[in-house]
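Structure at a glance
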Amino acid sequence: MTCTAQPDRKFPATMTWQGNVTGFLRLIDQTLLPVEYLEIDLKSVEQVFEAIRSLRVRGAPAIGCAAAYGVVIGLQQSVALSRAEFDVKLRQVTDYLASSRPTAVNLFWALDRIRTVARTEASLSPAAMLQRLLDEARAIEVEDREMCTAIGQHGAELLQDKTGVLTHCNAGGLATAGDGTALAVIFAAAAAGKQLQVFADETRPLLQGARLTAWELQQRGVPVTLICDSMAGWVMREGKVQAVIVGADRITANGDTANKIGTYSVALLAKAHGIPFYVAAPTSTFDLEMSSGQQIPIEQRAAHEITHGFGKQTAPAGINVYNPAFDVTPAEYIAAIITEKGLIMPVNEANVRRVVLE
Ligand code: MRU
């Protein structure tokens, strides 16, 4: 993995494809932020897999984009094969990348899209097919950027001037190819002149809120206050929060929403305080084949993320640890889902299908 540091760019792209079909994927190593800004170059499919699994690139839409480019990287040495052999290799590479993380459906959505292109273009040579797959990966990235912009525009109207907005985890530019989902709404509202005070949950155990959301908002001049996850309820009680907005990793047909662990607790707190709880997500995050959130696979992560989360041991050696990376917020707690196609409100299966399938 070769590395290049580019700390001077203010709003850097989460990832960029470098070069032509023989090129590689360059992305910000998010595990190092905010202390160190480093772009890393991924030139093998194993490196892409590792980057997704270890959260160097993370956030549902960004994982999908990275995986699509990862397929291209994984097939670069296969252009001399027969088309049948190339297709076998493509299946292996997509299966491999699909096993990197289980919860965010954008990963499977992007890989399915790549497989569908390969099926549809069955007459192309491997070399032509590889170029076509790169075109598709680029299209996924461009569309993701456009979806972020549209989500921002649709959602901005929900946020009033001079209000407090609480967010959990990071659903910003770092989690997508564009401006983010939840943070795109905040950026769009701020750009429209609304004065917002954002409260960022630090988001234990991996601190995406403290390390990434606080960093992004600070970079873009949006007032942000960092709080520990356990403070959210009290901050609401004090009247400092008038809306909650989060991203999503998978939304089922009935509107149940998987997002970073802790989101469910925030939704309950919002309900108890009469505060609207919004989810912002592109339609690529919907899984209409699942009828409810009970079917969503929840990623279980390593114990050391909790026992050694701050770089030093913070729990007794050998302690039992439970570390689900996501939880599911039932649709009934969600005031609206903001998509690039518009608002789903109230959140129920009929409205989900109407908006997503339009
Ligand atoms: O484990 P992560 O950091 O990939 O989890 C990310 C989240 O839960 C985000 O809120 C979600 O992917 C939405 S990103 C637009």
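This text follows the structure it describes.
Residues numbered from 1 in each chain as written. Predicted model: local features only at pLDDT ≥ 70, side-chain atom pairs only at ≥ 80, totals over all residues. Heavy atoms only, no water.

The next subject is the packing of helix H3 (residues 83–98) against helix H4 (residues 105–120). Here H3 crosses H4 at 175 degrees, and the two axes come no closer than 10 Å. In terms of their interaxial angle, H3 and H4 are classed as roughly antiparallel. Judged by residue contacts, Arg83, Leu90, Arg91, Thr94, Asp95, Leu97 and Ala98 of H3 engage Leu107, Phe108, Leu111, Arg115 and Ala118 from H4. Here the residues of the contact of H3 with H4 sort into 7 nonpolar, 1 polar and 4 charged. (Axes fitted to C-alpha atoms, helices over the stretch in contact; angles between N-to-C directions. Helix = DSSP H or I, 4+ residues; strand = E, 2+ residues; numbered from the N terminus. Parallel < 35°, antiparallel > 145°, perpendicular 65-115°, else oblique. Contact = heavy atoms within 4.5 Å. Nonpolar A, V, L, I, M, F, W, Y, C, P; charged D, E, K, R; others polar.)

The subject of this paragraph is the state of the cysteines. Inspection of every chain in the model, using the stated rule, returns 0 disulfides. Of all cysteine sulfurs, the one in Cys148 lies closest to Cys65, which takes part in no disulfide; the gap is 8.6 Å. Free cysteine: Cys228, not disulfide-bonded; nearest cysteine sulfur from Cys169 at 16 Å. According to the relative accessible area criterion, Cys228 is partly exposed, its value standing at 27%. (Disulfide = S-S within 2.5 Å. Buried < 20%, exposed > 50% of the residue type's maximum accessible area, 1.4 Å probe, protein only.)

By the secondary structure assignment, Val355 is in helix H11 (residues 349–356). Residues Val355 and Thr252, spaced 103 residues apart in sequence, show a C-alpha to C-alpha distance of 13 Å. Residue contacts for Val355: discarding those within four places in its chain leaves Thr339, Lys341, Gly342, Leu343 and Ile344.

The next point concerns the environment of Arg220. Along the chain, Arg220 turns up in the loop between helix H7 (208–219) and strand S7 (224–227). Using a relative accessible area of 31% as the deciding quantity, one classes Arg220 as partly exposed. Along the chain, Arg220 and Arg113 lie 107 residues apart, while their C-alpha atoms are 33 Å from each other. With sequence-adjacent residues up to four places away left out, Arg220 is seen in contact with Phe11, Asp179 and Phe187.

We now examine the sheet that holds strand S10 (residues 257–260). Taking strand neighbours across the sheet as the criterion, the 4 strands line up as S12-S9-S10-S13 in an open arrangement whose pairing is mixed. Both edges of this open sheet fall to strand S12 (286–287) and strand S13 (326–329), since each of them pairs with a single strand only. In terms of strand pairing, strand S9 (residues 250–252) meets S12 through 2 bridges, oriented parallel. Looking across to S12, one finds that Thr252 is bridged to Asp287. Lying on the sheet, helix H9 (residues 263–272) is in contact with S10 and S13; it crosses S13 at an angle near 35 degrees. (Pairing = 2+ DSSP bridges.)

With an omega of 5 degrees, the peptide bond running from Leu33 to Pro34 counts as cis. In this model, Arg204 is joined to Pro205 through a cis peptide bond whose omega is 5 degrees. Summarising the element assignment, Pro205 is placed in the loop between strand S6 (196–201) and H7. Even without a glycine there, the phi angle at Lys162 is positive, about 55 degrees. Here Lys162 is to be found in the loop between helix H5 (126–156) and strand S5 (163–167). A relative accessible area of 60% places Lys162 in the exposed class. A positive phi angle is found at Thr203, which is not glycine, with a value near 70 degrees. Looking at the secondary structure, you find Thr203 in the loop between S6 and H7.

On to the site of the ligand, then. For the ligand, the set of nearby residues contains 19 residues, the closest of which are Ala60, Arg101, Asp249, Asn259 and Lys260. For the ligand, an oxygen atom lies 3.0 Å from a polar atom in the backbone of Gly59. One of the side-chain nitrogen or oxygen atoms of Arg101 is found 2.8 Å away from an oxygen atom of the ligand. Comparing atom positions with the cavity grids shows the ligand to sit within the largest cavity. For the shell around the ligand, the elements supplying multiple residues, two or more each, are helix H2 (60–75) and S10. Of the residues that constitute the shell around the ligand, the class distribution is 8 nonpolar, 7 polar and 4 charged. (Near = heavy atom within 4 Å. Polar contact = N/O pair within 3.5 Å; in protein donor to acceptor, adjacent residues only side chain to side chain. 1 Å grid on protein atoms, 1.4 Å probe; cavity = no way out; pocket = protein on both sides within 12 Å on 5 of 7 lines; lining within 4 Å. Sits in = over half its atoms within 2 Å of the grid points.)

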